Amino acid sequence: MEPAHPEPRPGVRRDLSATLDGVLGVACLAARADAGAVYLRDAEHGDLRLVAARGLPPEAIGHRLAIDEGLVGRVAAAGKSLVSADVGLDHRAVRRRADWDADPPVAAFLGVPLRLGDLVVGAIELTSRWRDHFTLDDRHHAVVLADAVALLIEQTQLASQPPPAAVEGASLSGDSPLGMLTVNQRLHVTAANATLCRLVGQPVEALVGRPAIAVLPVLGRPRARDALEAALRGTPANLGTARTVDRDGHEIDLNLSLIPRGDPARGVAGVVVVAIDVTERARLEAELREQNARAIEARDRLRTVVEVISHELRTPLTSVLGYARLLHDRPDAPADRRGYWAEMVAEKARIMARLVDEVTDLARLGSARFSLRRVPTDLGGLVRRVAGGQAALSDRHVLDVAVAPALPPVALDPDRVEQVLTNLISNAVKFWPEGGTVGIRVSLDPDRRHVEVAVADGGPGVRPDQAERIFEPFHRARDAASRGVAGTGLGLAVSRGIVEAHGGRIWVEPAPGGGAVFRFTLPVAAPAAAGEDGEREARG
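Residues numbered from 1 in each chain as written. Predicted model: local features only at pLDDT ≥ 70, side-chain atom pairs only at ≥ 80, totals over all residues. Heavy atoms only, no water.

Draft legend 1. The environment of Ala 212, seen in detail. Looking at the secondary structure, you find Ala 212 in helix 8 (residues 212-215). Looking at Ala 212, the relative accessible area reads 1%, which means it is buried. With 23 residues separating them in the primary sequence, Ala 212 and Val 189 have C-alpha atoms 5.7 Å apart. Aside from chain neighbours lying at most four places away, what touches Ala 212 is Val 183, Leu 187, His 188, Val 189 and Leu 219. (Helix = DSSP H or I, 4+ residues; strand = E, 2+ residues; numbered from the N terminus. Buried < 20%, exposed > 50% of the residue type's maximum accessible area, 1.4 Å probe, protein only. Contact = heavy atoms within 4.5 Å.)

Here it is in structure tokens:
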């Protein structure tokens, strides 16, 4: 004999049908379906019988299908969910229902089996009048609700109103990923399953009789309380995902559905609360969103790189080609003119080389190809030498260098630190066109473990909201002052990478009286691991 679920008492059957109708309401709402139906397996007749429906005419109740007949029958026979994008073109569909032949006819179909362990006791179908309507998410949600329906069928007593003595201490049998509890009209717990008990960390006897919001505090939120009151009036609801705290104090995400118990026409006996722990799924979805955001950011950054490099290379490259053409076409030009053209070719070529170097440095920072060759260095002498070389940048600026006395030697890569100093000093000159005194100070921290270099200008300064962003690649933020100022926005990003590779930090702050002060620190002694890595790289 083919097994089937036990036949409930007549009164229970009526209440179960009403409860299943509530489940269908949730399913149709979640999937935006036009109609839905629950078919249960009839062991006596060996077929499927439609026992609950939403969006179908009353005469649909009692409709029968043979196992493996049509789409619903195939779902029950195979025990697997099935989606049909267009029923009208699907040879597996049957034309035995008036609603399928109505105008416009049903187009899309989603069916999921009702399983109790290995036993398939029926199927749920959702239909839409639009082709390709159901998504993978709709399919997932329908499977979850089908599990809830299967548990409700197994526990048919939940659809009736048993006497209080029979309800107290009741535990829903079976183990399931769905946490389920039932509440009466006063919203006190009357039963709970093992999954729910594990979720809240208490046995069923400790839950029965307590207010539902004390067991699941998330139900006390305004939207949930309104949905509970609506469920007591016969309206099912899916609250979506809500964040709460489990028994160990960890944040979890629960998907909550509220299903009325009993027939709304005769009075709802209570509510079945279905709680699904979707924490892991929410985490994976958040990771996917983050990865997608990073991919979009990387794509935008790459586009910016291409645009900036092409723009920055175009101007000097045009000059190189122009002056080279003059040198080629005008061999009879005066020597001083030809000397000037040759000097411009060399200068513009140096600009392009510097851009390529900056991009290369940015790519190498943080990779195995970037290494520091630290040597004990007189930082004060290095600063004076770089400032002397930069003094020719502008006749409107004075570079004032002050070095604290008795500075200890600093373990650093002189070429890389010179690169940082050159970037900061040239920026101070470029962004302060009217000129003035650029103050460069080198000092020793009181702990004598770090030295600090400060470069101060009297230019427009940096807004507080831009103080961190200006160290990002290709970002330039001195507002109107930056217009017409040549540069790629890579210098500060490369400088930060170099300073941090030394074990220091770099930042900007407002200068007294206006302007900006760029500061960076370097440890006096190199970190052991970094020093060893640098030595290995140098030997290699």
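Draft legend 2. Quick peek at the side chain of Arg 41. Note that Arg 41 resides in strand 1 (residues 35-42). Take Arg 41: its relative accessible area is 17%, and that puts it in the buried class. Within polar-contact distance, the side chain of Arg 41 engages the backbone oxygen of Val 120 at 3.0 Å. (Polar contact = N/O pair within 3.5 Å; in protein donor to acceptor, adjacent residues only side chain to side chain.)

Draft legend 3. Looking closely at the nonpolar core. Formed by 35 residues in total, the largest nonpolar core has its most connected members in Leu 379, Leu 421, Leu 424, Phe 518 and Phe 520. When residues of this core are traced back to their parent elements, those giving at least two are helix 12 (379-390), strand 15 (410-412), helix 13 (414-430), strand 16 (436-444), strand 17 (450-456), helix 14 (491-501), strand 18 (506-510) and strand 19 (516-523). The greatest single-element share of this core, amounting to six residues, is contributed by helix 13. The residues touching Leu 424, leaving out its near neighbours within four places in the chain, are Val 455, Leu 492, Ile 506, Phe 518 and Phe 520. Membership of the second largest hydrophobic core comes to 33 residues, among which are Leu 40, Val 112, Leu 145 and Val 272. (Core = buried A, V, L, I, M, F, W, Y, C linked by side-chain atoms within 4.5 Å.)

Draft legend 4. Representation of empty space enclosed by the protein within the structure. Applying the stated rule across the entire model yields two cavities of 30 Å³ or more. Around the second largest cavity, the lining residues are Ala 27, Ala 30, Ala 31, Leu 126, Asp 138, His 141, Ala 142 and Leu 145. Secondary-structure elements contributing two or more residues to the lining of the second largest cavity are helix 1 (10-31) and helix 4 (136-154). Counting residues per element, the lining of the second largest cavity draws most heavily on helix 4, at four residues. For the lining of the second largest cavity, the residue count by class is six nonpolar, one polar and one charged. (1 Å grid on protein atoms, 1.4 Å probe; cavity = no way out; pocket = protein on both sides within 12 Å on 5 of 7 lines; lining within 4 Å. Points joined across faces, edges and corners; volume = space filled by probe spheres on them. Nonpolar A, V, L, I, M, F, W, Y, C, P; charged D, E, K, R; others polar.)

Draft legend 5. Quick look at the sheet that holds strand 17. Read across the sheet, five strands follow the order 14-16-17-19-18 without closing on themselves; strand pairing throughout is mixed. Since the sheet does not close on itself, it has two edges, and those belong to strand 14 (397-403) and strand 18, each with one partner. On average, each strand axis in the sheet is tilted by 15° relative to the strand beside it, whichever way the strands run. Relative to strand 17, strand 16 is paired through six bridges, and the arrangement is antiparallel. When the bridges of strand 17 are listed, Ser 443 appears paired with Glu 452. Packing against the sheet, helix 12 makes contact with strand 14, strand 16 and strand 17, and its axis sits at approximately 175° to strand 14. Where helix 13 meets the sheet, it contacts strand 14, strand 16, strand 17, strand 18 and strand 19, and its direction lies at approximately 175° from that of strand 19. (Pairing = 2+ DSSP bridges. Axes fitted to C-alpha atoms, helices over the stretch in contact; angles between N-to-C directions.)

None of the figures reported here should be taken as evidence of function without further support.
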